[in-house]
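# Secondary and tertiary structure notes
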Amino acid sequence: MRRGRYVHQKILAENPRFFIHMGDLNYEDTNVDSEAPYRSNIIKSITESPELGEMVRKLPTSWIWDDHDFSGNTSDRTSKGRRANRAVYRELIPHYPLPAGGPNEAIYQAFNCGRVRFILSDLRSERDRDSDDDDEDKSMMGDAQKQWFKNQLLAARDAEVPLIVWMSGVPFIQVGSVRDNWGSYATERTELLEFIRDQDIRNVVIISGDMHALAFDDGRATATYVAGVRIPVFHAAALTRDGSEKGGPYSGGVSEGAGRYGIMDVSDNGSDVSVTYTGRIVTSATNVNTWKTHTHQTVPVKPRPAVGLTAVPDLDAIHLTWTDDSTVETGYRIERRLAGSGAWAAAGTTIAGVVAFNDAAVTAGNSYDYRVITLNGIAEALPSNTATVSPSTRFRDWKILRFGNANISNGDDSDHDGLTTVDEYLFDLNPLAADRFAWSAAGFPETLVSFASSSGRVYRVEASDDLGSWPLSSPPITGDGTMKQWTDPTAEAAEGRRFYRIVVTERP
């Protein structure tokens, strides 16, 4: 009996969304500049294994090559078969768009599933020789692919992707003299990890290939390469092949041998995301054992900053508004400082969806800078633009003129006419005499609303048929000391009576 013969059937039975093959689909080690043998290798791999053939017919499958199915053991960009194999890949293998173009270009690619970004690297056809000196000029990716890879990470970060899965066809964890893995390209590995750290790329998980075994590391290994960068690394092989152990050490251990495969379960409730790796071992046609599982809980992603912050005086406060540009925000922190200097301090917070704030803790005569920090749990966006404003003294001066001091409460009703101090100010009334704002609404089928206006005020007429909601509104009407009018064009459609009210502010 062929070892591992049931592994593809068991993978199908897991009912996964898709399958990613990490390379070494065959071990023909072909290395000639002719397309025919590479074409034959792929076709034979599928047709001579009924179980694999059934799986790829029924299950969406992505394949990225490694050495044996590229151009032989430890093959690289100098291999004779490079051009031919690249052409055959484009001809026969279903794939996502290839950013490098073609036909004689690398096959790296990426795709999304839900909110997860999968990045598949071509670590064979652009790599420098494994035996080259390990320095800043040595690359496993090549310049173009490496820049694309970094751009993918940045784009995922800026799109607030909560999980990035990077498919590395060779072991990422390796130190020492063993070759043909990232340990031989340690300078570039450090460069990539430092980029992830410096650009605040969060929630990267690596799935590595080439080793014929199950294994996982919880991030301890990558943290030894670059302090603070903990990236889980999973291995999920060897399918139908014999076992081998490469790389390491792995904090979760290793189980090598045939009949092994891995399952990655992503749990996403719209807020929190976790990924669970499960190593499986097929022991017979009817039995599959679980080797180990490891769950990685992602951290909150960095939200995109708020944009378009504006700050305008509003009575004796500052009114702030901004535009949300995030899809993961849990709230906002509003920060303030004296204009042009000093440390930023929290002026207040709002919850998700509330993109306005009134700051009353300001002093006339000062100017203030404001900025908004979008929050996603403990994660913080970069600051919004800065808005600078000085509080208005008009309301304060009006209080002194009318009452003799500025300490009168905004909610007082000194003349007992049902209007607060703020109402009296905005409607330009006498707070010490029981007076009323002059306005009227008359006419049918078109109702004409007329009212007195004052300079420095902005008015809006609102209409309601039930006094519960006020869905109809005039455009803003700027006061200038004259009578203003607005015609309700829908009054005829009202069922029964229609009610009107005047809303006035010092800001649009």
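Above this text you will find the structure in question.
Attention here is on the structure that accompanies the text. (Residues numbered from 1 in each chain as written. Predicted model: local features only at pLDDT ≥ 70, side-chain atom pairs only at ≥ 80, totals over all residues. Heavy atoms only, no water.)

## A few points about the overall build of the chain
The helix and strand inventory of the chain stands at nine helices and 27 strands. In terms of overall dimensions, the chain is more spread out than a globule: its C-alpha atoms have a radius of gyration of 34 Å, far above the 23 Å expected for 508 residues. Taken over the C-alpha atoms alone, the chain extends approximately 100 × 55 × 45 Å along its principal axes. Counting the 508 residues in the chain, one finds 49% classified as buried. Surface exposure of the chain reaches about 23100 Å², of which carbon and sulfur atoms provide 49%. For the chain, the distance from the average position of its 53 positive side-chain charges to the average position of its 70 negative side-chain charges is 5 Å. (Helix = DSSP H or I, 4+ residues; strand = E, 2+ residues; numbered from the N terminus. Rg over C-alpha atoms; globule rule 2.2 N^0.38 Å. Buried < 20%, exposed > 50% of the residue type's maximum accessible area, 1.4 Å probe, protein only. Areas by Shrake-Rupley, 256 points an atom, 1.4 Å probe, with all protein chains shown as cover. Lys, Arg positive; Asp, Glu negative; His and termini not counted. Charge placed at Lys NZ, Arg CZ, Asp CG, Glu CD.)

## Description of the environment of Thr 487
Following the sequence through the fold, Thr 487 ends up in strand S26 (residues 483–488). The partly exposed category is assigned to Thr 487, whose relative accessible area is 35%. Residues Thr 487 and Val 449, spaced 38 residues apart in sequence, show a C-alpha to C-alpha distance of 6.1 Å.

## Overview of the packing of aromatic side chains
Under the defined criterion, the tally for this structure stands at 25 aromatic pairs. Between Phe 18 and Phe 111 the ring centres are 5.4 Å apart and the planes differ by 80°, which places this aromatic pair in the edge-to-face class. With a gap of 93 residues between them, Phe 18 in the loop between helix H1 (7–13) and strand S1 (19–21) and Phe 111 in strand S3 (residues 109–113) connect regions that are remote in the sequence. Of the residues examined, Phe 18 reaches a relative accessible area of 23% and is grouped as partly exposed. On the basis of relative accessible area, Phe 111 is assigned to the buried category, the value being 4%. With 6.5 Å between their ring centres and 80° between their planes, Trp 63 and Trp 65 make a pair best called edge-to-face. Accessibility assignment for this pair places Trp 63 and Trp 65 in one class, buried. (Phe/Tyr/Trp six-rings, centres within 6.5 Å; stacked < 30°, edge-to-face > 60°.)

## Thoughts on unusual backbone geometry
Following Gly 102, the chain continues to Pro 103 via a peptide bond in cis, the omega torsion being 5°. Looking at where Pro 103 falls in the secondary structure, it is placed in the loop between helix H4 (82–92) and S3. Here the residue pair Phe 444 and Pro 445 is connected by a cis peptide bond, since its omega of 10° sits within 30 degrees of zero. Mapping Pro 445 onto the fold places it in the loop between strand S21 (439–442) and strand S22 (447–452). Backbone geometry places Glu 160, a non-glycine residue, at a positive phi of 60°. Of note, Leu 467 is a non-glycine position whose phi angle comes to about 65°, a positive value.

## Quick word on the nonpolar core
Nonpolar side chains in soluble globular proteins generally cluster together in the buried interior. Within the largest apolar cluster, 43 residues are counted, with the highest numbers of intra-cluster contacts made by Ile 11, Trp 63, Phe 118, Leu 163, Val 165, Met 167 and Tyr 261. Among the elements that line this core, the one with the most residues is strand S11 (residues 273–282), at five residues. Tyr 261 has contacts with Val 7, Lys 10, Ile 11, Glu 14, Leu 214, Ala 236, Leu 239, Thr 278, Gly 279, Arg 280, Val 282 and Val 288, leaving out every residue within four places of it along the chain. Grouped together as the second largest cluster of nonpolar side chains are 36 residues, Tyr 108, Val 161, Ile 231 and Val 233 included. (Core = buried A, V, L, I, M, F, W, Y, C linked by side-chain atoms within 4.5 Å. Contact = heavy atoms within 4.5 Å.)

## Considering the pairing of strand S6 (residues 204–208)
Of all five residues in S6, five are buried; the element is thus mostly enclosed. Of the two faces of S6, the one carrying Val 204, Ile 206 and Ser 208 and the one carrying Val 205 and Ile 207 are both buried. Pairing of strand S5 (residues 163–168) with S6, which is carried by five bridges, proceeds in the parallel orientation. In the strand pairing of S6, Ser 168 is matched with Ser 208. Pairing of S6 with strand S8 (residues 233–236) involves three bridges; the strand directions are parallel. (Pairing = 2+ DSSP bridges.)

## Regarding the side chain of Ser 255
Looking at where Ser 255 falls in the secondary structure, it is placed in strand S9 (residues 254–256). Here Ser 255 falls in the buried class, since its relative accessible area comes to 10%. Ignoring anything within four residues of it in the chain, the contact list for Ser 255 reads Ala 213, Leu 214, Arg 260, Ile 281 and Trp 291.

## Observations regarding helix H5 (residues 143–158)
Because the α-helix completes a turn every 3.6 residues, residues three or four places apart line up on one side. With 16 residues, H5 ought to run about 22 Å at 1.5 Å a step, and its terminal C-alpha atoms sit 22 Å apart, in line with that. Every buried residue of H5 is listed here: Gln 145, Lys 146, Trp 148, Phe 149, Lys 150, Gln 152, Leu 153 and Ala 156. The positive-phi residue at the C-terminal boundary of H5 is Glu 160, with phi of around 60°. (Expected span 1.5 Å × (residues − 1).)

## Brief notes about the sheet that holds S5
If you walk across this open sheet you meet the seven strands as S3-S4-S5-S6-S8-S7-S9, and the pairing is mixed. The open sheet terminates on both sides in strands that have one partner only, identified here as S3 and S9. For this sheet, the mean inter-axis angle between neighbouring strands, taken without regard to orientation, is 20°. H5 rests against S3, strand S4 (116–120) and S5 of the sheet, and its axis sits at about 180° to S4. (Axes fitted to C-alpha atoms, helices over the stretch in contact; angles between N-to-C directions.)

## Here we look at the packing of helix H2 (residues 35–47) against H4
Taken N-terminus to C-terminus, the directions of H2 and H4 make an angle of 45°; their axes are 8 Å apart at the nearest point. In terms of orientation, H2 and H4 fall into the oblique class. Where H2 crosses over H4, the handedness of that crossing is right-handed. Of the residues in H4, those touching H2 at Glu 35, Tyr 38, Arg 39, Ile 42 and Ile 43 are Arg 83, Ala 84, Asn 85, Ala 87, Val 88, Glu 91 and Leu 92. In the contact of H2 with H4, the residues fall into seven nonpolar, one polar and four charged. (Parallel < 35°, antiparallel > 145°, perpendicular 65-115°, else oblique. Left-handed = near helix turned anticlockwise from the far one by under 90°. Nonpolar A, V, L, I, M, F, W, Y, C, P; charged D, E, K, R; others polar.)

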